[in-house]
Amino acid sequence: AAGVIQSPRHLIKEKRETATLKCYPIPRHDTVYWYQQGPGQDPQFLISFYEKMQSDKGSIPDRFSAQQFSDYHSELNMSSLELGDSALYFCASSQLRRREKLFFGSGTQLSVL
Amino acid sequence: QQPVQSPQAVILREGEDAVINCSSSKALYSVHWYRQKHGEAPVFLMILLKGGEQKGHEKISASFNEKKQQSSLYLTASQLSYSGTYFCGTDTGNQFYFGTGTSLTVIP
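Residues numbered from 1 in each chain as written. Chains lettered and ligands numbered in written order. Predicted model: local features only at pLDDT ≥ 70, side-chain atom pairs only at ≥ 80, totals over all residues. Heavy atoms only, no water.

With that out of the way, let us pick up the overall build of chain B. Summing up its helical and strand segments, chain B has zero helices and 11 strands in all. Counting helices and strands in the order they occur from the N terminus, chain B gives β-β-β-β-β-β-β-β-β-β-β. Scaling as 2.2 N^0.38, a compact globule of 108 residues should have a C-alpha radius of gyration of about 13 Å, and chain B matches this with 13 Å. Among the 108 residues that make up chain B, the fraction classed as buried is 48%. Intrachain contacts of chain B at a sequence separation of at least 6 include 54% that bridge at least 24 residues. Looking at chain B as shown, the accessible area adds up to about 5,100 Å², and 49% of this sits on carbon and sulfur atoms. Averaging the coordinates of the 9 positive side-chain charges in chain B and doing the same for the 8 negative ones gives two points 6 Å apart. (Helix = DSSP H or I, 4+ residues; strand = E, 2+ residues; numbered from the N terminus. Rg over C-alpha atoms; globule rule 2.2 N^0.38 Å. Buried < 20%, exposed > 50% of the residue type's maximum accessible area, 1.4 Å probe, protein only. Contact = heavy atoms within 4.5 Å. Areas by Shrake-Rupley, 256 points an atom, 1.4 Å probe, with all protein chains shown as cover. Lys, Arg positive; Asp, Glu negative; His and termini not counted. Charge placed at Lys NZ, Arg CZ, Asp CG, Glu CD.)

Printed below as a string of structure tokens:
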């Protein structure tokens with residue numbers, strides 16, 4: 001069965017650079033979530049999309065933006081990267097309106113040097 | 001909005017039982033439970049819909065009290081493989097938040 005696909009798996013950037021993370025949800029899932037998880041931390045909600053529209057915003061810095069495209073894939077754009085942005089970034093998708101579980105991608109490990 | 005879990009950490013010997021609690025300040029449609037190993041994505045354990053239901057999954061079960069906006073995860077006869085960080089997730093309608101996490105370590 002198809003799962004949530006994230007790319008890249010690992011990404012190394014330097015301070016002040018930009019990064020783009022991609023997420024391909026499971027077909028027919030209506031909701032996409034982005035989470036940031038620092039070392040030893042719990043996942044922090046960044047932003048979510050329902051049917052390609054932004055549905056909720058969490059602790060996402062102004063330097064970050066995200067969107068969901070017509071084919072339902074989502075991209076998280078991060079600019080002016082800081083050392084503190086180093087984290088594991090998860091994307092998840094679900095059919096939230098049917099109260100189903102979240103399916104997670106394997107995550108993108110971002111390291112900012 | 002983030003649900004609060006207790007305890008923050010617990011250490012068990014194999015075969016012992018544990019309870020992890022999750023409390024939300026918002027009305028909930030459902031509560032999810034996930035377990036995460038270091039560096040890996042959270043793995044789904046179970047989902048409880050409002051209605052006060054209790055669910056079981058092998059030796060792991062959970063309850064959901066929608067009036068109190070609380071859920072509890074019960075682990076019985078713990079195994080080494082149960083080690084990890086447990087997160088509840090709360091669905092308030094169109095928002096989903098992970099709890100603060102409970103680190104569980106099972107030792108021989």
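Turning next to unusual backbone geometry. All names here are of chain A. In this structure, the amide linkage connecting S7 to the following residue, P8, adopts the cis form with an omega of -10°. Along the chain, P8 turns up in the loop between β1 (5-7) and β2 (10-13). In this structure, R16 takes a positive phi of about 75° despite not being glycine. Here R16 is to be found in the loop between β2 and β3 (19-24). Backbone geometry places R28, a non-glycine residue, at a positive phi of 75°. Mapped onto the fold, R28 is located in the loop between β3 and β4 (31-37).

Further remarks concern the interface of chain B and chain A. Taken together, the contacts link 23 residues of chain B with 20 residues of chain A. Counting each side, the surface lost to burial between chain B and chain A is near 1,700 Å², with a carbon and sulfur contribution of 60%. For the pair chain B and chain A, the interface holds zero salt bridges. Scanning the region where chain B abuts chain A turns up four residue pairs in polar contact (both at pLDDT 80 or more). Secondary structure elements with two or more residues in the side of chain B that touches chain A: β4 (30-36), β5 (43-49), β9 (84-91) and β10 (96-98) of chain B. Top element by residues in the side of chain B that touches chain A is β4 of chain B. It accounts for four residues. (Buried area = accessible area lost by both parts, 1.4 Å probe. Salt bridge = Lys/Arg side-chain N within 4 Å of Asp/Glu carboxyl O. Polar contact = N/O pair within 3.5 Å; in protein donor to acceptor, adjacent residues only side chain to side chain.)

To continue, consider the packing of aromatic side chains. Taken as a whole and judged by the stated rule, the model has 11 aromatic pairs over all chains. Ring centres of F104 of chain A and Y34 of chain B lie 5.7 Å apart, and the angle between their planes is 85°; this geometry places the pair in the edge-to-face category. You can see F104 of chain A sitting in strand β10 (residues 103-104) and its partner Y34 of chain B sitting in strand β4, one on each of two chains. (Phe/Tyr/Trp six-rings, centres within 6.5 Å; stacked < 30°, edge-to-face > 60°.)

A word on the state of the cysteines. Covalently bonding the sulfur atom of one cysteine to the sulfur atom of another cysteine gives a disulfide. Residue and element names in this part refer to chain A. Under the counting rule described, the total for this entry stands at two disulfides over all chains. Here C23 engages in a disulfide with C91; their sulfurs sit 1.7 Å apart. Because the sign of the S-S torsion sets the handedness, a value of about -50° for the bond joining C23 and C91 places this disulfide among the left-handed ones. In this pair, C23 sits in strand β3 while C91 sits in strand β9 (residues 87-94), placing the two residues 68 residues apart along the sequence. Assessed through its relative accessible area of 0%, C23 is described here as buried. (Disulfide = S-S within 2.5 Å.)

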